[in-house]
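# Breakdown of the fold
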Amino acid sequence: MNILRRLSLMLLCLLPQLMPAQVQEGRELVMLDPKKLVNEVAINTTVATTITFPERITLMTGFGLVTEPGAAQQLEQSKVALVHYQNVLEDTLVVRLVKVGEPCHVTIRTAKHIHLLRFVPSDEANLAVIVPPPLEKDAAVQTTAENIVKNRINYSTEELVGVLSKAKNRKALQPLNPGLFTGWLERNDLDMSVTNNDLTAAIYEIQRQPAKDATVFRCWITNTGAQPYEFEPNGVKIRVGERAYDPQLVDCSGLVQPGQKVPLDVVLQGGPSGGREGLSINQDFRIELPKPGRTQASAALFGDATADGSK
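Counting restarts for each chain, with residues numbered from 1 along the sequence as it is written. Local features are withheld for residues below a pLDDT of 70 in this predicted model, meaning they are given only at 70 or higher, and side-chain atom pairs are given and counted only at 80 or more; totals for whole chains, interfaces and linings count all residues. Working from all heavy atoms in the structure, the side-chain values ignore hydrogens and water.

## Comments concerning a nonpolar patch on the surface
Residues Leu29, Met31 and Ile130 make up a contiguous nonpolar surface patch of roughly 310 Å² in combined accessible area. Under the scheme used here, helices are H or I runs from DSSP no shorter than 4 residues and strands are E runs no shorter than 2 residues, and both carry numbers assigned from the N terminus. When you line up the elements, Leu29 lands in strand S1 (residues 29–31). A relative accessible area of 58% places Leu29 in the exposed class. Exposure above 30% relative accessible area and no salt bridge define the residues that can form patches, which grow by joining like charges within 9 Å and nonpolar side chains of Val, Leu, Ile, Met, Phe, Trp and Tyr within 5 Å. Only the protein chains shown count as cover for residues, with accessible areas throughout obtained via the Shrake-Rupley method and a probe of 1.4 Å. Just to be clear on terms, a salt bridge is a Lys or Arg side-chain nitrogen sitting within 4 Å of an Asp or Glu carboxyl oxygen. Exposure classes here rest on a 1.4 Å probe applied to the protein chains alone. A residue is buried below 20% of its type maximum, exposed above 50%, and partly exposed in between.

## Digging into unusual backbone geometry
Backbone geometry places Asn197, a non-glycine residue, at a positive phi of 55°. Tracing the backbone shows Asn197 in the loop between strand S12 (192–196) and strand S13 (199–209). According to the relative accessible area criterion, Asn197 is exposed, its value standing at 65%. We note that Asp213 has phi near 55°; this positive angle belongs to a residue other than glycine. The residue Asp213 is located in the loop between S13 and strand S14 (214–223) in this model.

## Comments concerning the nonpolar core
Definition of nonpolar core: a set of buried residues of the types Ala, Val, Leu, Ile, Met, Phe, Trp, Tyr and Cys, connected through side-chain atoms within 4.5 Å. Ile203, Ile206, Phe217, Ile238, Leu264, Phe285 and Ile287 are the most contacted members of the largest nonpolar core, which totals 26 residues. Secondary-structure elements contributing two or more residues to this core are S13, S14, strand S16 (237–240), strand S20 (261–269) and strand S21 (285–288). Residues count as neighbours in contact if any of their non-hydrogen atoms are within 4.5 Å of one another. Apart from residues lying up to four places away in sequence, Ile203 is in contact with Leu190, Asp191, Met192, Phe217, Arg218, Cys219, Phe285, Arg286 and Ile287. Core analysis: the next-biggest nonpolar cluster, separate from the first, contains 22 residues, Leu32, Leu65, Ile108 and Phe119 among them.

## Some thoughts on a negative patch on the surface
Positive charge is attributed to Lys and Arg, negative charge to Asp and Glu, and no charge count is given to His or to the chain ends. To locate a charge, take atom NZ for lysine, CZ for arginine, CG for aspartate or CD for glutamate. Taken together, the side chains of Glu25, Glu28, Asp123 and Glu124 present a region of like negative charge at the surface. Mapping Glu25 onto the fold places it in the loop between helix H1 (2–18) and S1. Accessibility expressed as a relative area gives 76% for Glu25, which makes it exposed.

## What to know about the side chain of His113
Structurally, His113 is set in the loop between strand S8 (104–110) and strand S9 (114–121). Looking at His113, the relative accessible area reads 16%, which means it is buried. Not counting chain neighbours up to four residues away, the residues in contact with His113 comprise Glu55, Ile108, Pro133, Pro134 and Glu136.

## Concerning the sheet that holds S9
Read from one edge of the open sheet, 4 strands run S2-S9-S8-S4, paired in mixed fashion. Of all strands in the sheet, those bounded by a partner on one side alone are strand S2 (38–43) and strand S4 (57–61). Sheet twist, expressed as the average angle between the axes of neighbouring strands with direction ignored, equals 30°. Note: S4 against S8, 4 bridges, orientation antiparallel. Across the sheet, Met60 pairs through a bridge with Ile108, a residue of S8. Strand pairing is assigned whenever DSSP identifies at least 2 bridges connecting the two strands. Lines are fitted to the C-alpha atoms to define the axes, a helix being fitted only along its stretch in contact, and any angle between axes, read from their N-to-C directions, falls within 0 to 180 degrees.

## What to know about the side chain of Glu55
Among the structural elements, Glu55 can be located in the loop between strand S3 (49–52) and S4. Buried charge without a salt bridge: Glu55, with Lys112 as the nearest opposite-charge side chain at an N-O distance of 5.6 Å. Distance and chemistry together define a polar contact, namely a pair of N or O atoms within 3.5 Å, with one atom able to donate a hydrogen and the other to accept it when in protein, and with adjacent residues in sequence counting only for side-chain atoms on both sides. Polar contacts involving the side chain of Glu55 include one to the side chain of His113, which spans 3.2 Å. Excluding anything up to four places from it in sequence, Glu55 contacts Glu90, Asp91, Thr110, Ala111, Lys112 and His113.

## As for the packing of aromatic side chains
Two aromatic rings from Phe, Tyr or Trp, using only the six-membered ring of Trp, form a pair when their centres are within 6.5 Å; if the ring planes differ by under 30 degrees the pair is stacked, by over 60 it is edge-to-face, and anything between is tilted. On inspection of all chains with the given rule, the structure shows 4 aromatic pairs. Look at Phe181 and Trp184: their rings are 5.1 Å apart centre to centre, the planes differ by 75°, and that puts the pair in the edge-to-face class. Take Trp184: its relative accessible area is 8%, and that puts it in the buried class. When the ring of Tyr204 is compared with that of Trp220, the centres are 5.8 Å apart and the planes differ by 25°; the resulting orientation is stacked. One end of the pair, Tyr204, is in strand S13; the other, Trp220, is in strand S14, and 16 residues separate them in sequence. Trp220 gets classed as partly exposed once you look at its relative accessible area, which sits at 30%.

Right, here's the structure in full:
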């Protein structure tokens with residue numbers, strides 16, 4: 001009898017060492033790494049793991065999540081581990097492994113952040129987990145003086161005239177020398193028009209050279225009124241929604257006689273601050289014409305019109 005008692009006492013002492021641990025020793029309470037995009041949480045079938053978030057939980061989704069343990073029977077063929085979860089408080093979850101399988105990936109959205117977790121089946125689980133707010137990523141990109149100079153737009157009259165000349169003659173030049181238009185973008189057969197006081201300004205073609213951040217608008221101005229329309233070409237603007245752009249080059253006579261239709265070409269390059277604008281040609285552009293009238297110097301420069309509108 002004494003021997004049996006001694007054997008029983010020995011087995012009771014050895015039992016904790018023989019049975020696998022249920023909780024990770026030294027990692028019963030863990031705080032996840034805010035620098036990681038996806039954090040792992042160890043779970044098993046015998047431990048209820050509590051996970052606390054910095055704000056209230058608004059959404060939780062992931063293949064392998066179940067709200068009823070009995071639902072595991074419907075997903076017996078799933079290779080992914082099945083995890084029973086319960087939203088016990090607005091910022092706290094309790095999870096437990098229902099069926100062993102591949103890690104279960106979960107997306108959890110809180111009031112301010114999105115957290116990505118991977119529930120990993122393990123003999124030793126985390127008992128309690130604290131999820132800190134993710135670190136805000138620094139959007140600043142390190143640059144050098146060489147890169148600034150390289151990316152700077154070379155504003156010059158010769159370059160603007162060259163871009164416009166290539167755009168005007170593209171259909172003739174491109175078949176002969178396709179390399180001249182490498183990277184160029186184009187929209188044709190457009191009718192982006194606006195009519196105001198018997199004047200219609202219509203964009204029929206847009207070309208863009210991204211390397212030089214230059215966009216060319218090929219347009220017509222039609223005067224259906226009884227009076228000539230004389231204007232300052234440099235007063236023309238390109239409008240996109242609520243924003244108007246001042247062009248770097250306008251090619252037009254500045255005079256549209258009654259019943260006449262005259263060409264207008266506009267070149268935009270860069271933005272108001274002097275940097276690259278990166279305009280997309282797939283926008284709803286409009287030509288904004290200035291009010292009638294020109295200075296004497298402007299009229300003399302174009303030669304075919306005068307400040308008072310006479311020829």
